[in-house]
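Descriptive analysis of the structure
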Amino acid sequence: MQREVTTATACPSPTHRMTTGKSVPAIGFLTVTEHAEHGLFGGYLILNSSGRPLEFHCTAPLKPSRAQEILYGPTLRPFLFGEQIGQTLLAKAKVKPFLVCTDAEAMLAAREFSEVPLLLVPMGASERQPHGVGAAFKLGSRQVHAAKTHSEDQALALEKWTAAHADSLDLLEPFTRIREALEEAQKTVRPATIPAAA
């Protein structure tokens, strides 16, 4: 049986490449916003180590049906964030960062589609240890976590971070930029649907 499912595709107009052609150390920021009416929008901003934008991509809205919510159960968010949204955005980028950060725990599922470390940057101090992550470590002024399944990401991230001299970059601030850009994109984008396998 086939079902209609909305899929993540790169949005047509809010895809911008702002590079100068030179190879510079870059850091990616990957997140999702939820809109009550339209569903999930993904955004991927790539910055140089000074915080200047190099590239931006976003997805069309993605909204699962009620049946999909029931059938996927607790695996729905990692599937949507990681396989549908994260994988699409990571593949779209021309600039390859040395590190990708996310503020959405479910987005760590996209690590399977990334050639570089993908780290969780928690939004604030929480008493709850995020599920499926390793011990916290510090990058710049923020505590971050690597996925438990990719514990080697901590050493890789620390090595590349030091080489990029990115300590002045606040790892949470770019997510505000992405959310504001996604708000603009939501004004012009309509959901797309494709048939999904049973």
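A brief structural summary. (Residues numbered from 1 in each chain as written. Predicted model: local features only at pLDDT ≥ 70, side-chain atom pairs only at ≥ 80, totals over all residues. Heavy atoms only, no water.)

Let us look at the packing of aromatic side chains. By the definition in use, this model includes two aromatic pairs. Their ring planes at 80 degrees and their centres at 5.6 Å tell us that phenylalanine 29 and phenylalanine 175 sit as a pair that is edge-to-face. Placement of phenylalanine 29 in strand S3 (residues 26-35) and of phenylalanine 175 in helix H4 (residues 173-186) is noted, with a sequence separation of 146 residues between them. The exposure class assigned to phenylalanine 175 is buried, which follows from its relative accessible area of 1%. (Phe/Tyr/Trp six-rings, centres within 6.5 Å; stacked < 30°, edge-to-face > 60°. Helix = DSSP H or I, 4+ residues; strand = E, 2+ residues; numbered from the N terminus. Buried < 20%, exposed > 50% of the residue type's maximum accessible area, 1.4 Å probe, protein only.)

Moving on: H4. For H4, which comprises 14 residues, the first-to-last C-alpha distance of 21 Å matches the rise-based estimate of 20 Å (1.5 Å per residue) to within 8%. Within the span of H4, buried status applies to Pro174, Phe175, Ile178, Leu182, Ala185 and Gln186. Along the axis of H4, the buried positions cluster into a sector of 115 degrees, meaning they face one direction only. At its buried positions, H4 is contacted by S3, strand S4 (39-48), strand S5 (53-58) and strand S6 (99-102). (Expected span 1.5 Å × (residues − 1). Arc of directions from axis to C-beta. Contact = heavy atoms within 4.5 Å.)

This brings us to the side chain of aspartate 153. Residue position: aspartate 153 is located in helix H3 (residues 153-164). Its relative accessible area of 0% is what places aspartate 153 among the buried residues. Side chain to side chain, aspartate 153 and arginine 111 meet in a polar contact 2.7 Å long. Contacts of aspartate 153, omitting those with residues within four sequence positions, involve Arg111, Pro117, Leu118, Leu119 and Ala146. (Polar contact = N/O pair within 3.5 Å; in protein donor to acceptor, adjacent residues only side chain to side chain.)

Moving on to the environment of glycine 132. Tracing the sequence through the fold places glycine 132 in the loop between strand S7 (118-120) and strand S8 (137-139). What makes glycine 132 partly exposed here is its relative accessible area of 30%. Separated by 14 residues in sequence, glycine 132 and alanine 146 place their C-alpha atoms 8.9 Å apart. When sequence neighbours within four positions are dropped, the list of residues in contact with glycine 132 reads Ala147 and Lys148.

With that settled, the discussion passes to H3. Taking 1.5 Å of rise per residue, twelve residues should cover 16 Å, and H3 covers 16 Å from first to last C-alpha, within 8% of that figure. On the buried face of H3, the contacting elements are S3, S6, S7, S8 and strand S9 (142-146). Among the residues trailing H3, histidine 165 stands out with phi positive, at a value near 50 degrees.

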